[in-house]
Amino acid sequence: MPEIYLPEKIIFERNVLDKFSPEEAERAILISDSEILKNCGTLDKILNKSMRMISQVNLIVNTNVYELYRQAAEIFYSGEIDLIVAIGSSAVIDCGMLLSHQSRAKFTAIPCCSACSMTDFEADRYHHYRHSPNTVILDPALTECLPSGMIAYDAMSSFAYAVDTVASNDNIIVRNLAIHGAVEIYRNIIPAYRGNITAIEKLLYAMYFAVAAHRNFAEAGNSYLNRVSSFFSEFGYSKSSVCALVFPNIAEYDENLFRNGLFETAKAVGIAKDDDDPYYANTELIDRMRKLQASVGIPRAVSGFNLTENAYQSRKIHSNIPDTLLDLCYYGSFKFMKL
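Quick caveat, the model's predicted, so the values are computed rather than measured.

Enquirer: Help me understand the side chain of Asn169 in this model?
Expert: By the element assignment, Asn169 lies in the loop between α7 (148-168) and α8 (172-193). Polar side-chain contacts of Asn169 include one of 2.8 Å to the backbone nitrogen of Asn171. Once residues within four sequence positions are removed from consideration, Asn169 is found in contact with Val174, Arg175, Asn216 and Phe217.

Enquirer: Just checking my understanding: could you explain the packing of α8 against helix α9 (residues 197-214) for this structure?
Expert: Each pair of packed helices can be described by the angle between their axes along with the distance between the axes. Interaxial distance between α8 and α9 falls to 7 Å at its minimum, and their mutual angle equals 150°. Taken together, α8 and α9 sit at an angle that is classed as roughly antiparallel. Considering only the axes of α8 and α9, their crossing is left-handed. The residues of α9 that touch α8, namely those facing Val174, Leu177, Ala178, His180, Gly181, Glu184, Ile185, Asn188, Ile189, Pro191 and Ala192, are Ala199, Ile200, Lys202, Leu203, Ala206, Met207, Phe209, Ala210, Ala212 and Ala213.

Enquirer: For this particular structure, what's the right way to read the pattern of salt bridges?
Expert: Think of it this way: side chains of opposite charge can pair up when their charged atoms draw near. With the rule as written, the count across this model stands at 13 salt bridges. Glu184 is the salt-bridge partner of Arg187, the closest N and O atoms lying 3.4 Å from each other. Taken together, the residues span about one helical turn, with Arg187 and Glu184 both in helix α8 at a distance of 3 residues. Exposure remark for Arg187: the relative accessible area of 49% places this residue in the partly exposed category.

Enquirer: Explain the sheet that holds strand β3 (residues 56-61) here, please?
Expert: Backbone hydrogen bonds are what pair the strands of a sheet, in a parallel or an antiparallel way. Here we have 6 strands laid out as an open sheet, ordered β1-β6-β5-β4-β2-β3, and parallel in their pairing. Because the sheet does not close on itself, it has two edges, and the strands there are β1 (9-12) and β3. Strand-to-strand twist across the sheet, computed as the mean angle between neighbouring axes with direction ignored, equals 15°. Relative to β3, strand β2 (residues 27-32) runs parallel, the two sharing 6 bridges. Note on β3: the bridge partner recorded for Ser32 is Val61. Running at roughly 165° to β3, helix α2 (residues 42-53) makes contact with β2, β3, β4 (83-88) and β5 (106-111) of the sheet. Sheet contacts for α9: β1, β5 and β6 (135-138); angle to β6, the most-contacted strand, approximately 155°.

Enquirer: Is there a simple way to explain α8 in this structure?
Expert: Side chains that are three or four residues apart share a direction in an α-helix, a result of its 3.6 residues per turn. With 22 residues, α8 ought to run about 32 Å at 1.5 Å a step, and its terminal C-alpha atoms sit 31 Å apart, in line with that. At Arg187, α8 is bent by approximately 35°, the largest bend along its length, and proline Pro191 sits one to four residues beyond. Looking at where α8 begins, the residue whose side-chain oxygen comes 3.0 Å from the main-chain nitrogen of Ile173 is Asn171. The positive-phi residue at the C-terminal boundary of α8 is Gly195, with phi of around 100°.

Enquirer: How should I be thinking about the environment of Tyr280 in this particular structure?
Expert: By secondary structure assignment, the location of Tyr280 is in helix α13 (residues 278-295). Its relative accessible area of 59% is what places Tyr280 among the exposed residues. The sequence separation of Tyr280 and Tyr193 amounts to 87 residues, and the corresponding C-alpha distance is 28 Å.

Enquirer: Explanation requested: the packing of aromatic side chains in the structure shown.
Expert: Ring pairs (aromatic) are described by centroid distance and by the angle formed between their planes. Throughout the structure, instances matching the rule amount to 19 aromatic pairs. For the ring pair Tyr279 and Tyr280, a centre distance of 5.2 Å and an interplane angle of 80° mean the geometry is edge-to-face. Each residue in the set Phe231, Phe232, Phe235, Tyr312, Tyr330 and Tyr331 is aromatic and connected to the rest through ring pairs, giving one cluster.

Enquirer: Even after reading the chapter, I still don't get the packing of α8 against helix α12 (residues 255-268), so can you show me in this structure?
Expert: Running from amino to carboxyl end, α8 crosses α12 at an angle of 55°, the nearest separation of the two axes being 10 Å. Considering their axes alone, α8 and α12 lie oblique with respect to each other. In the packing of α8 onto α12, the handedness of the crossing is right-handed. Residues Arg175, Ile179, Ala182, Val183 and Arg187 of α8 pack against Glu264, Thr265 and Ala268 of α12. Within the contact of α8 with α12, the residues separate by chemical class into 4 nonpolar, 1 polar and 3 charged.

Enquirer: What's the story with the pairing of β5 in this structure? I'm lost.
Expert: Residues in a regular strand project their side chains so that they alternate between the two faces of the sheet. Of all the 6 residues making up β5, 5 are buried; the element is thus mostly covered by neighbouring parts of the structure. Sheet analysis places β4 next to β5, joined by 6 bridges and oriented parallel. The partner of Ala86 across the bridge, within β5, is Ala109. Between the parallel pair β4 and β5, the chain is carried across by helix α4 (residues 90-103), and the sense of this crossover is right-handed. Taken together, the 2 bridges between β5 and β6 define a ladder with parallel strand orientation. Among the inter-strand pairings, Ala109 is bridged to a residue of β6, identified as Val136.

About the cut-offs
Residues numbered from 1 in each chain as written. Predicted model: local features only at pLDDT ≥ 70, side-chain atom pairs only at ≥ 80, totals over all residues. Heavy atoms only, no water. Helix = DSSP H or I, 4+ residues; strand = E, 2+ residues; numbered from the N terminus. Polar contact = N/O pair within 3.5 Å; in protein donor to acceptor, adjacent residues only side chain to side chain. Contact = heavy atoms within 4.5 Å. Axes fitted to C-alpha atoms, helices over the stretch in contact; angles between N-to-C directions. Parallel < 35°, antiparallel > 145°, perpendicular 65-115°, else oblique. Left-handed = near helix turned anticlockwise from the far one by under 90°. Salt bridge = Lys/Arg side-chain N within 4 Å of Asp/Glu carboxyl O. Buried < 20%, exposed > 50% of the residue type's maximum accessible area, 1.4 Å probe, protein only. Pairing = 2+ DSSP bridges. Expected span 1.5 Å × (residues − 1). Bend = angle between axes of the 7 residues up to and from the residue. Phe/Tyr/Trp six-rings, centres within 6.5 Å; stacked < 30°, edge-to-face > 60°. Nonpolar A, V, L, I, M, F, W, Y, C, P; charged D, E, K, R; others polar. Right-handed = clockwise from strand over helix to strand, strands pointing away.

Spelled out as structure tokens, the structure:
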């Protein structure tokens with residue numbers, strides 16, 4: 001039976017955090033990996049409002065999300081936690097989600113940009129612990145203070161999640177949610193990267209559409225996007241950064257798998273019509289994705305992350321991912337060179 005899982009509440013508006021009110025709880029953990037939010041007073045504002053309503057609140061700030069998880073886990077293992085509030089990058093949202101999955105505590109997600117990094121922790125892998133938060137708060141004011149590079153990578157990774165979902169998911173609601181997210185990311189990524197406030201707001205909402213759809217893609221853990229990003233994350237890169245880079249190469253590699261999903265997306269963004277040849281429309285969309293990457297400073301291949309060829313080749317021989325696909329992601333596409 002077709003189903004879709006979404007948060008109980010999605011609260012969205014510029015400066016909505018000024019009216020922040022936590023879920024009812026006795027003991028809560030507030031976690032963040034953002035020094036920017038700490039320095040500008042946003043975390044203190046949320047902490048103070050939480051302490052007025054909750055008897056015990058712990059604030060943990062650590063830029064290393066794996067250390068952050070260990071610190072938070074020690075607290076919830078030492079006593080019952082009712083609420084977890086995660087505010088910051090996509091990785092800290094994943095961290096809060098894992099803690100919520102393990103503790104069964106309520107979970108409020110407050111992403112600065114994307115709400116998904118597909119982070120694999122030692123305790124569990126993303127596609128085992130993922131679930132919808134109880135509450136999501138989307139405040140564009142948080143995104144406006146971020147580096148343009150972070151916005152670009154988060155937007156392109158969310159675009160990848162969206163098209164990956166469209167290509168392999170039959171649920172019409174999930175597909176439409178993903179397509180809408182992809183279209184708005186495609187339209188707003190460049191002006192948002194350049195600092196346009198209206199575009200940043202639209203981009204934040206679009207990224208959440210993409211993430212919400214992707215969380216309802218049951219087979220996402222077996223997709224090439226997850227497998228390739230997991231492989232390159234073993235070198236210390238975040239999976240979301242890898243996704244932002246490699247998706248055009250994955251789409252080029254498996255043209256048959258992505259044929260319908262790319263064509264639907266190409267029509268939705270306005271570069272194809274119903275009677276166009278899907279092959280040429282999809283090739284055009286992939287080329288435009290690569291041009292978007294180039295426009296926002298994302299390299300065309302994982303080698304652009306300064307991963308040495310020796311390190312790559314030595315690990316590749318132990319992988320069950322096709323060599324042709326991994327090479328395409330590491331070295332880049334010859335087609336891109338002709339653009």
